[in-house]
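Observations on chain architecture
Take a look at the letters that make up each chain.
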Amino acid sequence: MAAKFDGGAYLSSFVDAVLDNLSKILEDDSVLNGNHSHLEFLERLEKCLFDVGAVLDDAELKQFTDKRVKKWLVDLQDALYSADDYLDELSTKLATATPRDPGISSYCVSVVDSMVEGSPEREDIVGRLESVVARKTYLRLKEGAKVDLSWRIPSTSLVVSSDIFGRNKDKEEVIKLLLDDTRHAQSPVAVIPIWGLGGIGKTTLAQLVFSDAKVVEKFNTRAWVCVAENFDPVALTKTILQKISPASSVKQDDFDSLQTRLKEALMGKTFLVVLDDVWLDKKDSWEHLLKPFHYGNHGSKILLTTRSKEVASAVATTELHYQLSLLSDDDCWLVFLKQAHLSADTINPTLEKVGKGIVKKCDGLPLAAQGLGGLLRGNSDVKSWNLILKSEIWEFSDDTIQVVPALRISYYYLPSCLKRCFVYCSLFPKDYEFDKGELILLWMAENLLQPVEKRTPEEVGDKYFDELVSRSFMQPHTTYFGEKRFVMHDLVHDLAMMFAGEFCSRAEEHEKAVHISIKTRHLSHIAKVDYPISKLLGVCDRVKHTRAFLEINSKPWMPFNMENATNMMSQLKYLRALSLKSINLRLLPDSIGELIHLRYLNLSDSSIVTLPESLGRLYNLQTLKLYRCFRLKMLPDSMQDLVNLRHLDIRETLLKVMPRGMSKLKSLQFLSDFVVGMHEGNKITELGTLANLQQSICISHLENVVNSNEASEARMSDKDGLDHLTLYWSWDSDENIVDFQNEEDVLDKLRPHSNLKHLLIQGYMGTAFPDWLGRFSYDNITHITLSHCRNCGVLPSLGQLPFLKDLSISSFEILENVGVEFYRDDESCLETPFPMLETLRLEYLTCWKEWHSMELNAFPLLRELTISWCPMLRGDLPNYLPSLLSLNIESSMKFNCSLPRAPSCLSISLYDSHILFPVSAIPPSLQKLEIESCRNLEFQMDGQHHSLQELEIINSCDSVTSFSLLDAFPNIKDVKISECEKMESIVVSGSLSCLGSFRIWGCGSLKSVWSIWMAAPQLENLSLLGCPEIEFSAAAAGDPHRCLRSLVIDYSDKLVSCATFMNSQFHRLTHLEINGHRGSGSKSFPKEGWLPASLESLKLFDIKSVETLECKGLAHLTSLKELTIHFCPKLENMEGEMLPASLLLLSIDHSPLLGKRCRMKDPQVWPKISHIQEIQVDYRLIS
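Residues numbered from 1 in each chain as written. Predicted model: local features only at pLDDT ≥ 70, side-chain atom pairs only at ≥ 80, totals over all residues. Heavy atoms only, no water.

**A look at helix H20 (residues 436-445)**
Where burial is concerned, most of H20 is hidden: eight out of the 10 residues are buried. Here H20 has its buried residues at Glu438, Leu439, Ile440, Leu441, Leu442, Trp443, Met444 and Ala445. The residue sitting at the N-terminus of H20 and contributing the capping side-chain oxygen is Asp435; that oxygen lies 3.3 Å from the backbone nitrogen of Gly437. A positive phi of about 60° marks Asn447, the residue just after H20. (Buried < 20%, exposed > 50% of the residue type's maximum accessible area, 1.4 Å probe, protein only. Helix = DSSP H or I, 4+ residues; strand = E, 2+ residues; numbered from the N terminus. Polar contact = N/O pair within 3.5 Å; in protein donor to acceptor, adjacent residues only side chain to side chain.)

**As for the pattern of salt bridges**
Two side chains of opposite charge can pair, provided their charged atoms sit close to one another. Evaluated as defined, the whole model comprises 44 salt bridges. Here Asp84 ties to Arg576 by a salt bridge, and the two come within 3.4 Å at their closest N and O atoms. Separated by 492 residues along the polypeptide, Asp84 in helix H4 (residues 67-95) and Arg576 in the loop between helix H24 (562-571) and strand E12 (577-579) bring together distant segments of the chain. When its relative accessible area of 4% is taken as the criterion, Asp84 is described as buried. Residue class for Arg576 comes out buried when judged on its relative accessible area of 1%. One salt-bridge network, in which partners are shared between bridges, spans Asp84, Asp85, Asp88, Arg547, Arg576 and Arg599. (Salt bridge = Lys/Arg side-chain N within 4 Å of Asp/Glu carboxyl O.)

**Here's the deal with the sheet that holds strand E40 (residues 1084-1085)**
Backbone hydrogen bonds are what pair the strands of a sheet, in a parallel or an antiparallel way. Reading across the sheet, the three strands line up as E40-E42-E44 and stay open at both edges, with parallel pairing between neighbours. The strands lining the two open edges of the sheet, one partner per strand, are E40 and strand E44 (1133-1135). Sheet topology note: the strand E42 (residues 1108-1110)/E44 ladder contains three bridges and is parallel. Note on E44: the bridge partner recorded for Leu1109 is Met1134. (Pairing = 2+ DSSP bridges.)

**Observations concerning the side chain of Thr305**
By the element assignment, Thr305 lies in strand E4 (residues 300-306). For Thr305, a relative accessible area of 1% gives the class buried. Here Asp276 takes part through its side chain, which lies 2.5 Å from a polar atom of the side chain of Thr305. Within polar-contact distance, the side chain of Thr305 engages the backbone nitrogen of Asp277 at 2.7 Å. Setting aside chain neighbours within four positions, we find Thr305 in contact with Ile194, Lys202, Thr203, Ala206, Leu275, Asp276, Asp277 and Val278. (Contact = heavy atoms within 4.5 Å.)

**What about the packing of aromatic side chains?**
With the rule as written, the count across this model stands at 28 aromatic pairs. With 5.6 Å between their ring centres and 85° between their planes, Phe336 and Trp385 make a pair best called edge-to-face. Here the residue Phe336 occupies a position in helix H14 (residues 329-340), and Trp385 occupies one in helix H17 (residues 382-389), the gap between them amounting to 49 residues. Each member of the pair, Phe336 as well as Trp385, is classed as buried. Each ring, one from Tyr432 and one from Phe434, has its centre 5.1 Å from the other, and the planes form 75°; the classification is edge-to-face. Owing to a relative accessible area of 2%, Phe434 belongs among the buried residues under this scheme. A network of ring pairs unites the aromatic residues Phe822, Tyr823, Phe834, Trp848, Trp851 and Phe859 as a single cluster. If you follow Lys218 out to its NZ or CZ, it ends over the ring of Phe219, 5.5 Å from the centre. The lysine or arginine in question, Arg420, covers the ring of Phe14, its NZ or CZ lying 4.2 Å from the ring centre. (Phe/Tyr/Trp six-rings, centres within 6.5 Å; stacked < 30°, edge-to-face > 60°. Lys NZ or Arg CZ within 6 Å of the ring centre and 35° of its normal.)

**Here's the deal with the packing of helix H7 (residues 168-179) against helix H8 (residues 202-210)**
Each pair of packed helices can be described by the angle between their axes along with the distance between the axes. Contact geometry for H7 and H8: axes closest at 10 Å, N-to-C directions at 60°. Judged on the interaxial angle alone, H8 and H7 are oblique. Of the two possible hands of crossing, H7 and H8 adopt the one that is right-handed. Residues Asp170, Lys171, Val174, Ile175 and Leu178 of H7 lie in contact with H8, whose contacting residues are Leu205, Leu208 and Val209. Residue composition of the contact of H7 with H8, grouped by class: six nonpolar, no polar and two charged. (Axes fitted to C-alpha atoms, helices over the stretch in contact; angles between N-to-C directions. Parallel < 35°, antiparallel > 145°, perpendicular 65-115°, else oblique. Left-handed = near helix turned anticlockwise from the far one by under 90°. Nonpolar A, V, L, I, M, F, W, Y, C, P; charged D, E, K, R; others polar.)

**Here's the deal with helix H2 (residues 36-53)**
Between its terminal C-alpha atoms H2 stretches 26 Å, which fits the 26 Å expected from 18 residues at 1.5 Å a residue. Of all the residues in H2, the buried ones are His38, Phe41, Leu42, Leu45, Cys48, Leu49 and Val52. One face of H2 carries all of its buried residues, which in axial projection span an arc of 115°. Counted as exposed and oriented over 90 degrees from the buried face of H2: His36, Lys47 and Phe50. (Expected span 1.5 Å × (residues − 1). Arc of directions from axis to C-beta.)

**Considerations on unusual backbone geometry**
That bond from Phe1085 to Pro1086 is cis: its omega, -15°, falls within 30 degrees of zero. One can find Pro1086 in the loop between E40 and strand E41 (1097-1101). Notably, Glu652 is not glycine yet its phi reads approximately 55°, a positive angle. For Glu652, a relative accessible area of 44% gives the class partly exposed. Although it is not a glycine, Tyr1179 sits at a positive phi angle of roughly 70°. Here Tyr1179 shows up in the loop between strand E46 (1174-1177) and strand E47 (1180-1182).

**Details of the confidence of the model for the protein chain**
Here the protein chain averages 84 in pLDDT, and 85% of its residues register 70 or above. Taken together, the stretch residues 392-404 has pLDDT below 50 and engages in 30 contacts with residues farther than four places along the chain or on a different chain. (pLDDT = per-residue confidence, 0-100.)

**Some words on the pairing of strand E3 (residues 271-278)**
Most of E3 is tucked away: eight of the eight residues are buried. Here strand E2 (residues 221-226) runs beside E3; their pairing, made up of six bridges, is parallel. Within the sheet, the bridge partner assigned to Val225 lies in E3 and is Leu275. Bridge count between E3 and E4: five bridges; the pairing is parallel. By the bridge assignment, Val273 is partnered in E4 with Ile302. Running through helix H12 (residues 283-289), the crossover from E3 to the neighbouring parallel element E4 is right-handed. (Right-handed = clockwise from strand over helix to strand, strands pointing away.)

**A look at the nonpolar core**
Ranked by internal contacts, the top residues of the largest apolar core, which has 190 residues, are Leu671, Leu687, Trp851, Phe859, Ile986, Phe998 and Leu1139. For Leu687, the contacting residues outside a window of four places in its chain are Leu671, Phe674, Leu693, Ile697, Ile699, Ala714, Met716 and Lys719. Formed by 151 residues, the second largest nonpolar core is a distinct cluster that contains Leu236, Leu262, Ala445 and Ile526. (Core = buried A, V, L, I, M, F, W, Y, C linked by side-chain atoms within 4.5 Å.)

**Comments concerning the pairing of strand E43 (residues 1122-1126)**
For E43, a buried count of four out of five residues is recorded, marking the element as mostly surrounded by other parts of the structure. Bridge count for E41 against E43 is five bridges, and the pairing is parallel. Bridging from a neighbouring strand, Lys1099 pairs with Thr1124 of E43. In this structure, E43 lies alongside strand E45 (residues 1145-1149), joined through five bridges in parallel fashion. Within the sheet, the bridge partner assigned to His1126 lies in E45 and is Asp1149.

**Some details on the sheet that holds strand E13 (residues 600-602)**
Judged by pairing direction, the sheet is parallel, and its eight strands sit side by side in the order E9-E10-E11-E12-E13-E14-E15-E16 without closing on themselves. Whereas interior strands pair on both sides, the edge strands pair on one side only; in this sheet they are strand E9 (504-506) and strand E16 (670-671). In this structure, strand E14 (residues 623-625) lies alongside strand E15 (residues 647-649), joined through three bridges in parallel fashion. For Leu624, the partnering residue across the bridge sits in E15 and is Leu648. H20 contacts strand E11 (548-552), E12, E13, E14 and E15 of the sheet and is inclined by roughly 140° relative to E13.

In structure tokens form, the structure reads like this:
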């Protein structure tokens, strides 16, 4: 979408939408035939809309300086809503009218007549609108006014660098781009765009770079031009020319002459031109403008600042983009202090606390910090600062604080249709994570998406959303199960709230529901225990014209009942969007059918059991979301009447069959699932007429397809909008009655369109796959999963799919061999099979014996290979995998082969398998090796491996009593050995200078590990658990260990007998955990002199014998900060004066005797612990 510099008034698109609806009614001659009264009413309405549209741009500007204009806009919007609701009701009733006689025209007239008679508000609607429109004259609103940006001061190249904080790294990165001439050697001039949110500091960064000494030295000609809204190529070229050659006179306005003069001025010069605040994103306009710049010296640059990613993409490749990020809170605080004329060293601590709270609201936006700091300059009154902290910045006028104008300019440049979509987002709380698709469906329900020829509303909404992201109104945030989420900057959210005014309300923001404005048309409710929905429903009559009610973040355990739903639907008759997501509602009342305006209904994650037949009366319904309604088993038969339904989400429901007549829903764009039935009206043939399906579909119970003709009638090959397809047969079907040929024919006729990207086939009962699966023409497929195809003994030829990246094959019960057919067939085109495959998983192939991997050049990009639960496999792996990073082999007991050559492999994991393992065969790049339940595994010590950093061996190597493998890995950093019962000693003869963590668990025969002591001088973390035979005396006799910081050890009789070794050996130990599950007879802990004085954290876990905690044994721990006592059931007493004064936290849980005494503040215990800052008993704070 190209940027529109006039922006467009917020209400312009609303007026256009109402006019569009009105025009459709007026164009139908049969509707108003003979009803002159209603025709006159509609024509008056049309005149009002035409009259008011011309002055909306002027009113948009004047509302900030004239409160009467602002009120006029509010009144106009209110009147437009009423008119729109009336027209929507009329058009709906006309569309759903059922003629009782052959004269359809006369019946339409009777519908109109009934509305005239039954709608006393009709005259009030047009009367109010006429009254509002008439006031435009008194307000002196002008036609054709444009956005006035004269209040903006053009930027210059001058900057005071001492005023700038937190941009040193950004400055150096941009300078590096400017000085680097290697990335764009093919062009004499490179354009480098800096883009980001308005007010984030793009201009400031450009100013810093422009005046930097290195930049000044490189570029002998520099020019700064503030573009802003004035992107007139002629005027801009003239301005640049004047900056490049200030002495020359520029009088002509001929573009060709100006470009020629600019070319001559730039020839032989290495120049830097800064174009600040650019909005135009038309690539062809840029190409014309930039022609003269190609005549400068190689290495010349144009630095450009913009709020739009689209502009950045129009002028430069992505590698040259520089997206400016938000400032840290600390840097924002410095900006704030500078503007407030305060010093961090002298500011009052109370004022500082409040000020940092204010700065946190700026959320990294330096312009906001500047504005708020300037507002508080010279004001050191804590009360005043608190008022600002608790207020919204929008309560201040534009003259007082410049945050509003800074963001307002971005808002003004939005086209009218985008403004309404943006403002709608104020319904959601700050930091809400928006789902793009979900928001588009809501916009569509509210008719915020202007129709564009040949584009669906969903496609229009997609463009709208991307435009908001490119202009930084939305920012990418997280990825949720492969789907991106987006958030709004807090100040941008405040901007949306400001323009939403009374028409959008979030119920939880009002202490009393009665405070919600009667003008509210969009209402959301954030579920809270102290603000239940029942509290809100009491004022439904007050907001009866509400168009949207969205329940957000509700939980199934929160109270909600049928009566609540009935009351809501009986009063909110004008709803267009209703979300009761996660509501504890089992039944939907029949009155849902009376919501004739409803277009969006979301019952996902609710307790709904059944839906009423009245649902079919919702003629306008576009979206029905029933995702994760686990109790829902059927849909009403009236579903076939929802002819405008576009989006039906029934994922993770218990539907056993589809309702009859789904073929009538020809508007469907998204159908998540289709459950195949066996009767007319619910067979797979119903899919045939649904030609516009997009995204994904799961077709289940395919065993109910009687013959291939039915599958053919589904016309899957025509559905070019589908990119994800799941085909599912019930895997527990009775195999004895399977018609194998029919199964194969059915799958053949379900051939999808070649646009498909993801394919999952599960439970297929045929014996072979059709030829289309693996055909080269499916060049869009990237993911394939084949599962539970238990009658297939041969894999399809998937090696010829040119862009397949992820392949998973599992639960093929009779597959014995994987051979050449897997790589190619008679029609193969690719010389290299699986040329793009990155992930391959082969799992639960219980009869698989051999993998004939004779294709030496296959899998050139394979990064991850997993083979699990293939107990009969005995053949070799592919010999050479040049890109392999991770190899996982699990429960393949007969697997007896060598590792593949994998020079890039970083991780190998072996579980319950037998494999030859010479150290010399380990890939040289390997960093992590995990071995579990490989009891017969033997390492062949035939060299050293220098890359391995992590080694984990669990329940393996039964024949090994003396473990000497560590000498093979001199650079190892982390070692874990557990449940190796036969292992008696760990021997190291060389140096392990990098070893930092060593953990041994459950090695019952292990007696000595102390060779590690001398070999690992940098060891910081040591864990010895479940090793009762270990002798500690050997360690006690050696030199102290200087680096150990953390120790986890058993509390045993052996440990107690030589307990002083810890104090003598661990001079720098800071964290100690003592675990008592092995048992000791000692009843008190610890003895004096036992623990190292350096301890900062001590944890006692599962010590069942100890009854008394000795304060004397802890008294010397002057650095101890945390003491944790877990699962010590007999511990009840504390002996001695008090616990160390340094303690900040005492945590006691599942130790009932001592815990109770602490809770009761027992006089024998409390004086010993009362000085501790935080005391927790069973995770509850004791104060």
